[in-house]
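Survey of secondary and tertiary structure
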Amino acid sequence: MRGLPGPITLKKSDFHYELPPELIAQQPLAERSASRLLVVPPGDAPFADRQVRDFPQLLRKGDLLVFNDTRVIPARLFGQKESGGRVEILIERLLPDNRARVQIGASKSPKPGGRIALDAGGEAEVLGRDGEFYQLRFHVDGALESWLLKAGRLPLPPYIHRDPGIDDDERYQTVFARELGAVAAPTAGLHFDDALLETLRAQGIEFGHVTLHVGAGTFQPVRVDDVREHRMHSEWLNVGAALVEQVRATRARGGRVIAVGTTVVRALESALRNGELQPFAGETQIFIFPGYRIRSVDAMLTNFHLPESTLLMLVSAFAGKDRVFSAYEHAVREKYRFFSYGDAMLLFPEHRQ
């Protein structure tokens, strides 16, 4: 499923911006809610430099915040091929029978039938290859999911140039993470701590949850110049009946539906049927870029995204490309912190829905 392009061809280079490397956050702040918050109102209203702690002041009683409750797997493993070559494994998706779809880093691609001795014990059998992914069967002690919790390493994003530490085991998970299956965190949710959630709850803000297991494909660059030719990676999601009812009740009372993160937007847009939100569990390859009108949410809290990325294209579809790029220029000038451990922005739609 793809966005609906306008009459003008969009090029990958249309979504490039210059980012000083020192603005890429390498560590989380001491407190989750201490991040800055750039408020981007609709229309031509001026931007506002706030703090995430101010977020409750920007909401109204009866608004619904929708979070992604996925939990990051310790998905990075290391091992050695039978030839002696070193191998790095990044699990993309857990499959039945101790199988997994993975990305493999090695000097030479492993062949079907090959075995990889794992540093953490046991071995992985190469079953086959599908494009950039391999399918492995893990011969380890117990169920793969449980074994990974003891043996795997947290897969920090490639733009964080350090090894994960003990603090990352907690800070690269949201406080409401519960459904194990992601290889990257839904980073807008990282700004919420228990105190902020309690403040929001006391103000009459409602909470809802979807699950979208963020895949390693979220870090894959767009490799084609014509945006419409990009093939989006697949991710599994679940939009439950309870959340659908919450959204309907919120709309009925005049409240707003506010997505915490682009993954929530992708999940909700994938669950729309004839303009109506419906329960849905399954795969999505939805690609949202300017020309596509996002109808499922009234505002979006999100982090700052990589140049030329599909996530930057998504937020540009929501708030307008020119508006988003003006906001990014402001953020660079004001030295906001970018990407997963960085600051946040609150976006409103280019056109009222």
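Quick look at the structure, then. Note that the structure is predicted; figures quoted are calculated from it, not measured. (Residues numbered from 1 in each chain as written. Predicted model: local features only at pLDDT ≥ 70, side-chain atom pairs only at ≥ 80, totals over all residues. Heavy atoms only, no water.)

Remarks on unusual backbone geometry
Look at asparagine 98: it is not a glycine, yet its phi comes out positive at around 60°. Non-glycine residue lysine 335 carries a positive phi angle of around 60°. As for its placement among the helices and strands, lysine 335 is situated in the loop between α7 (321-333) and β19 (344-347). (Helix = DSSP H or I, 4+ residues; strand = E, 2+ residues; numbered from the N terminus.)

What to know about the environment of aspartate 163
Tracing the backbone through its elements, the reader meets aspartate 163 in the loop between α1 (144-151) and α2 (166-171). For aspartate 163, a relative accessible area of 59% puts it in the exposed group. On a C-alpha basis, the gap between aspartate 163 and arginine 153 in space is 9.6 Å, while along the polypeptide they are 10 residues apart. Those residues in contact with aspartate 163 that lie beyond four places of it in its chain are Arg153, Leu156 and Asp168. (Buried < 20%, exposed > 50% of the residue type's maximum accessible area, 1.4 Å probe, protein only. Contact = heavy atoms within 4.5 Å.)

Observations concerning the pattern of salt bridges
Opposite charge on two side chains allows them to pair when their charged atoms are near. Within this structure, the stated rule accounts for 17 salt bridges. In this structure, the salt-bridge partner of arginine 253 is glutamate 206, at a minimum N-O distance of 3.5 Å. Of this pair, arginine 253 sits in the loop between α4 (241-252) and β14 (257-260) while glutamate 206 sits in strand β12 (residues 206-212); the two residues are 47 residues apart in sequence, bridging distant segments of the chain. Using a relative accessible area of 40% as the deciding quantity, one classes arginine 253 as partly exposed. Exposure remark for glutamate 206: the relative accessible area of 32% places this residue in the partly exposed category. Of the charged contacts, one joins arginine 251 and aspartate 298 as a salt bridge, the two residues approaching to 2.4 Å between their closest N and O atoms. With arginine 251 in helix α4 and aspartate 298 in the loop between β17 (280-284) and β18 (299-303), this pair connects stretches of sequence that are 47 residues apart. On the accessibility criterion, aspartate 298 (14% relative accessible area) is buried. Bridged by salt links that share partners, the residues Arg115, Glu123 and Glu125 form one connected network. (Salt bridge = Lys/Arg side-chain N within 4 Å of Asp/Glu carboxyl O.)

Some points on the side chain of glutamate 269
Relative to the helices and strands, glutamate 269 is located in helix α5 (residues 262-270). Put simply, glutamate 269 is tucked away with no salt bridge, and the nearest opposite charge, on arginine 295, sits 6.5 Å away. A distance of 2.6 Å separates a polar atom in the side chain of glutamate 269 from a polar atom in the side chain of tyrosine 292. For glutamate 269, the contacting residues outside a window of four places in its chain are Ile286, Ile288, Tyr292, Arg293, Ile294, Arg295 and Ser296. (Lys, Arg positive; Asp, Glu negative; His and termini not counted. Polar contact = N/O pair within 3.5 Å; in protein donor to acceptor, adjacent residues only side chain to side chain.)

What about the sheet that holds strand β2 (residues 48-51)?
If you walk across this open sheet you meet the 9 strands as β2-β1-β19-β18-β14-β3-β12-β13-β17, and the pairing is mixed. At either end of the open sheet lies a strand with only one pairing partner, and these are β2 and β17. Adjacent strand axes in the sheet meet at a mean angle of 25°, parallel and antiparallel pairs treated alike. With 2 bridges joining them, β12 and strand β13 (residues 235-239) adopt antiparallel strand pairing. Across the sheet, the residue bridging to threonine 211 is asparagine 238, located in β13. Contacts from helix α6 (residues 310-319) reach β18 and β19, with the element oriented near 150° to β18. (Pairing = 2+ DSSP bridges. Axes fitted to C-alpha atoms, helices over the stretch in contact; angles between N-to-C directions.)

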